[in-house]
Amino acid sequence: QVQLVESGGGLVQPGGSLRLSCAASGTIFRIDDMAWYRQAPGKQRELVATITSGGTANYADSVKGRFTISRDSAKNTVYLQMNSLRPEDTAVYSCNLLIVSSVSFVNSNYWGQGTQVTVSS
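Residues numbered from 1 in each chain as written. Predicted model: local features only at pLDDT ≥ 70, side-chain atom pairs only at ≥ 80, totals over all residues. Heavy atoms only, no water.

**Section: the overall build of the protein**
Secondary structure summary: the protein contains 0 helices and 11 strands in total. Moving toward the C terminus, one meets the helices and strands of the protein in the order β-β-β-β-β-β-β-β-β-β-β. For 121 residues, the compact-globule estimate of 2.2 N^0.38 gives 14 Å, and the C-alpha radius of gyration of the protein, at 14 Å, lies within 12% of that figure. Seen along its three principal axes, the alpha-carbon backbone of the protein occupies a region of about 50 × 25 × 25 Å. Burial statistics for the protein: of 121 residues in total, 40% are counted as buried. Sequence separation of at least 24 residues holds for 56% of the intrachain contacts in the protein that already meet a minimum separation of 6. (Helix = DSSP H or I, 4+ residues; strand = E, 2+ residues; numbered from the N terminus. Rg over C-alpha atoms; globule rule 2.2 N^0.38 Å. Buried < 20%, exposed > 50% of the residue type's maximum accessible area, 1.4 Å probe, protein only. Contact = heavy atoms within 4.5 Å.)

Next comes the structure, spelled out in structure tokens:
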């Protein structure tokens, strides 16, 4: 089994920063792509950023230049550094990892539990 634990959300003023973490544990052989999604109230889930196993990152236009995704493969952890936060960044942020099982050697998508980020004065 695989477990994902997210941390780092909270309330921040506009212009502030937060760092989200998502740590995976369990029967992991390898983690391929990692991603962060967000969903604001009344809106569809949005892909925020992705990072490949080789470290190539891609971002939604709305966060380019403000957010940075990174990974620590030794710790099976993905991070999202969010700077210059805006009220429109308010959402529940969830990590999504493509994990190859050390039992079956089949890859599957796993989701974190979600963490609330609120940007407000």
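On we go.
**As for the sheet that holds strand 3 (residues 18–26)**
Think of a sheet as strands paired side by side through backbone hydrogen bonds, with each pair either parallel or antiparallel. Taken together, 4 strands build an open sheet; the order of strands is 1-3-8-7 and the sheet is antiparallel. The open sheet has two edge strands, strand 1 (2–7) and strand 7 (67–72), and neither has a second partner. Ignoring which end each strand starts from, the neighbouring axes of this sheet average 15 degrees apart. Examined bridge by bridge, strand 3 and strand 8 (residues 77–82) share 6 bridges and lie antiparallel to one another. Bridge pairing in strand 8 links Leu20 to Leu80. (Pairing = 2+ DSSP bridges. Axes fitted to C-alpha atoms, helices over the stretch in contact; angles between N-to-C directions.)

**Looking at the nonpolar core**
Residues Trp36, Val78, Leu80, Met82, Tyr93 and Leu97 are the most contacted members of the largest nonpolar core, which totals 30 residues. When contributions to this core are tallied by element, the ones reaching two or more residues are strand 1, strand 3, strand 4 (28–39), strand 5 (46–51), strand 7, strand 8, strand 9 (91–101) and strand 11 (115–119). Per-element tally for this core: the top contributor is strand 9, with 5 residues. Beyond its immediate stretch of four places on either side in the chain, Val78 contacts Leu20, Ser21, Cys22, Met34, Trp36, Ile51, Ile69, Ser70, Arg71, Cys95 and Leu97. (Core = buried A, V, L, I, M, F, W, Y, C linked by side-chain atoms within 4.5 Å.)

**A closer look at the pattern of salt bridges**
This model, assessed by the stated rule, comprises 5 salt bridges. Across the salt bridge formed by Arg30 and Asp32, the nearest N and O atoms sit 2.6 Å from each other. With relative accessibility at 15%, the residue Asp32 sits in the buried group. With a closest N to O distance of 3.2 Å, Asp61 and Lys64 form a salt bridge. Relative accessible area serves as the criterion here: at 66%, Asp61 is assigned to the exposed category. (Salt bridge = Lys/Arg side-chain N within 4 Å of Asp/Glu carboxyl O.)

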